Amino acid sequence: MTTQITSARPAAGPRKGSRRRPPASSATTVGRPGFAWALPAAVFFALFAIVPLIMVAVLSFMSWDGLSSPEFVGTDNWSRLMDDPVMLTSIWLTLLLTVLGVVVQTPLSILLGVWAAGHQRNRAVLSVIYFIPLLLSATAVSVLWRALLDPNFGIPAEAAWLFGDGNLFGEQATAIGVLAFVSTWQFTPFHTLIYQGAARAVPQVLYQAAEIDGAGRYRQFFHITLPQLRNSMITSMILMIVGGLTTFETVLILTQGGPGTDTTISAYYMYDKAFKSFDYGTGSAIALVLVVAATIISLIVVRVSGYDKMRSSMEGVS
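The written sequence of each chain sets the order in which its residues are numbered from 1. Side-chain atom pairs in this predicted model are given and counted only at pLDDT of 80 or more, local residue features only at pLDDT of at least 70, and totals for whole chains, interfaces and linings cover all residues. Calculated side-chain values reflect all of the structure's heavy atoms, with hydrogen atoms and water omitted.

Some words on the overall build of the protein chain
Thinking step 1. Helix and strand counts for the protein chain stand at 15 helices and two strands.
Thinking step 2. Looking at the protein chain as a whole, 34% of its 318 residues are labelled buried.
Thinking step 3. The contact definition used throughout considers only heavy atoms, calling two residues in contact when any of these lie within 4.5 Å. In the protein chain, the share of contacts with a sequence separation of at least 24, taken over all contacts with a separation of at least 6, comes to 68%.
Thinking step 4. Looking at the protein chain as shown, the accessible area adds up to about 20,800 Å², and 65% of this sits on carbon and sulfur atoms. Comment: elements are numbered from the N terminus, with helices defined as DSSP H or I runs of at least four residues and strands as E runs of at least two. In this scheme, a residue with accessible area under 20% of its type's maximum is buried, one over 50% is exposed, and one in between is partly exposed, where area comes from a 1.4 Å probe on protein chains only. Surface accessibility in these figures is a Shrake-Rupley result with a 1.4 Å probe; residues are shielded only by whichever protein chains are displayed.

Quick look at the structure:
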């Protein structure tokens, strides 16, 4: 009797160097949207931002009164601006109002935003009342405060013991103070909303861990809340800077650049040159200066703060 032994051959595995194909899946692969999705917004931005900016840049080298044909004058408009003392003063005043806005509105907005993000009694009612200025236009706000601060019929006339002669628009210092106050009253609620949303996004587990470690409210605010609001703070400051450099309606209605030219900021001086003096070439040059200045300052803030290196989608996490 003979026994026949057969050896089983090992199952053939994948050949070396061969690639396995992934199993077919019925799920649809979703990728990034194509350029067609952004085309409407890109066209809108080009028509109402890029094209007008190019036209303003070209017009800054022209002499045009709005009626006759534009005449190329080279850098004459720019040379006159460099030697114009009103232009130099307007740049200084614009920077002053912008710095005042950032210095005053930032701490107010942070404190109010963190408070509004809490669960205090009557918080919702008080927040609604506080946010009313945000619903009004800059023109309406300026007209309102122009009437309230009228030296003959407004609050200063009824409180001479506090306001003296009551003419807050008669001196440069008080006029600038009024402009800074009105801007703060109107725009602080907007930045408060930014900080309110950011404060509510802070993980509660951080505060719970801090309480376990014995940290009080002040230490939690300075060591947890403020660091977590870093990105929102940078965004808010950039908006304040751009808004301060382009402020116009408030000066137009409240002071009209006066007394004299003591509150003539760059945006108002652009309006004065273009629409009052009919010197559209010089007005365009001033507008271009404002655009370049706002862009450079915003890029510096982003670069110095490290905001451009942020990768996380969570507040305060880098």
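Moving on from the coordinates now.
Here we look at a nonpolar patch on the surface
Thinking step 1. In this analysis, a patch consists of residues with relative accessible area above 30% that form no salt bridge, clustered at 9 Å for like charges and at 5 Å for the nonpolar side chains Val, Leu, Ile, Met, Phe, Trp and Tyr. Definition used for salt bridges: Asp or Glu carboxyl oxygen within 4 Å of a side-chain nitrogen of Lys or Arg. A contiguous nonpolar surface patch, about 870 Å² in accessible area, is contributed by F35, L39, V43, F44, L47, F48, V51 and M55.
Thinking step 2. Looking at where L39 falls in the secondary structure, it is placed in helix α1 (residues 35-59).

Details of unusual backbone geometry
Thinking step 1. Cis geometry is adopted by the peptide bond preceding P259, which originates at G258 and carries an omega value of 0°.
Thinking step 2. Inspection of the secondary structure puts P259 in the loop between α13 (249-254) and α14 (266-276).
Thinking step 3. Residues other than glycine seldom take positive phi values, yet F278 does so here, at roughly 55°.
Thinking step 4. Within the secondary structure, F278 sits in the loop between α14 and α15 (280-305).

Description of the nonpolar core
In summary, soluble globular proteins display a tendency toward joint burial of nonpolar side chains.
Thinking step 1. Here, the term nonpolar core denotes a set of buried Ala, Val, Leu, Ile, Met, Phe, Trp, Tyr and Cys residues that are joined through side-chain atoms within 4.5 Å. W145, L149, V178, V182, L254 and I265 are the most contacted members of the largest nonpolar core, which has 15 residues in total.
Thinking step 2. Contributing elements (two or more residues each) for this core: α3 (85-116), α6 (138-148), α9 (172-200) and α13.
Thinking step 3. Among the elements that line this core, the one with the most residues is α9, at four residues.
Thinking step 4. Leaving out residues up to four positions away in the same chain, W145 has contacts with F181, V182, W185 and L254.
Thinking step 5. V102, I238, L245 and V301 belong to the second largest nonpolar core, which has eight residues in total.

Overview of α3
Thinking step 1. Expected helix span is given by 1.5 Å per residue-to-residue step, counting one fewer step than there are residues. Counted at 1.5 Å a residue, the expected span for α3 with its 32 residues is 46 Å, and the 45 Å between its end C-alpha atoms agrees.
Thinking step 2. Two axes are fitted around each residue, one to the seven residues ending there and one to the seven starting there, and the angle between them is reported as the bend at that residue. Taking the largest bend as the criterion, α3 deviates by roughly 30°, centred on Q105, and proline P107 comes between one and four positions later.
Thinking step 3. Under the rule applied, a polar contact is a pair of N or O atoms within 3.5 Å (in protein, one hydrogen donor and one hydrogen acceptor; residues adjacent in sequence only if both atoms are side-chain atoms). One side-chain oxygen of the residue at the start of α3 lies 3.1 Å from the amide nitrogen of V86, identifying that residue as D84.

Observations regarding the environment of M233
Thinking step 1. The topology assignment puts M233 in helix α12 (residues 230-245).
Thinking step 2. For M233, a relative accessible area of 22% gives the class partly exposed.
Thinking step 3. Between the C-alpha atoms of M233 and P107, which are 126 residues apart in sequence, the distance is 10.0 Å.
Thinking step 4. Setting aside chain neighbours within four positions, we find M233 in contact with T106, I110, Y195 and L226.

Observations regarding the packing of helix α10 (residues 204-212) against helix α11 (residues 217-228)
Angle between the axes and distance between the axes are the two parameters that describe a pair of packed helices.
Thinking step 1. It is the contact of α10 with α11, at a shortest axis distance of 11 Å, that shows an interaxial angle of 160°. Between α10 and α11, the angle falls in the class roughly antiparallel. For the crossing formed where α10 meets α11, the hand is right-handed. Residues L206, Y207, A210 and E211 of α10 form the contact with α11, whose own contacting residues are Q220, I224, T225 and Q228. Every angle, taken between N-to-C directions, lies between 0 and 180 degrees, and every axis is a line fitted to C-alpha atoms, over only the stretch in contact when it is a helix. The labels follow the angle: roughly parallel below 35 degrees, roughly antiparallel above 145, roughly perpendicular from 65 to 115, and oblique for the rest. Rotating anticlockwise by less than a right angle from the far helix to the near helix defines a left-handed crossing, while the corresponding clockwise rotation defines a right-handed one.

So, the side chain of T184
Thinking step 1. Mapped onto the secondary structure, T184 falls in helix α9.
Thinking step 2. Discounting chain neighbours no more than four positions away, the residues touching T184 are V104, Q105, L108 and P189.

A word on the side chain of T250
Thinking step 1. Within the element layout of this structure, T250 appears in helix α13.
Thinking step 2. In contact with T250, other than residues within four places in its own chain, are S142, L179, V182 and T255.

Quick look at the pattern of salt bridges
When the charged atoms of two side chains with opposite charge come close together, those side chains can pair.
Thinking step 1. All chains considered together, the criterion is met by one salt bridge.
Thinking step 2. Where R80 meets D279, a salt bridge forms, and the shortest distance between an N and an O atom there is 3.8 Å. Here D279 lies in the loop between α14 and α15 and R80 lies in helix α2 (residues 76-82), a separation of 199 residues in the sequence.
Thinking step 3. Residue R80 is classed as partly exposed on the basis of its relative accessible area of 44%.
Thinking step 4. Judged by its relative accessible area of 18%, D279 falls in the buried class.

Structural notes on the environment of W145
Thinking step 1. Looking at where W145 falls in the secondary structure, it is placed in helix α6.
Thinking step 2. With 105 residues separating them along the chain, W145 and T250 place their C-alpha atoms 9.7 Å apart.

Considerations on the confidence of the model for the protein chain
Thinking step 1. In predicted models, pLDDT denotes the confidence assigned by the predictor to each residue on a 0 to 100 scale. Here the protein chain shows a mean pLDDT of 85. Residues at 70 or above account for 86%.
Thinking step 2. Residue range residues 312-318 is modelled with pLDDT below 50. Its contacts to residues more than four positions away, or to other chains, number 14 contacts.

Here we look at the packing of α1 against α15
Thinking step 1. Across the interface, α1 lies against α15 with an axial gap of 8 Å and an inter-helix angle of 125°. When the axis of α1 is compared with that of α15, the two are oblique. The way α1 lies across α15 gives a crossing that is left-handed. Taken together, the residues of α15 that come into contact with α1 (itself represented by L53, V56, A57 and L59) are Y280, G281, S284, A287, L288 and V291.
Thinking step 2. Nonpolar residues are Ala, Val, Leu, Ile, Met, Phe, Trp, Tyr, Cys and Pro. Charged residues are Asp, Glu, Lys and Arg, and all others, Gly as well, are polar. Its residues assigned to classes, the contact of α1 with α15 comprises eight nonpolar, two polar and no charged.

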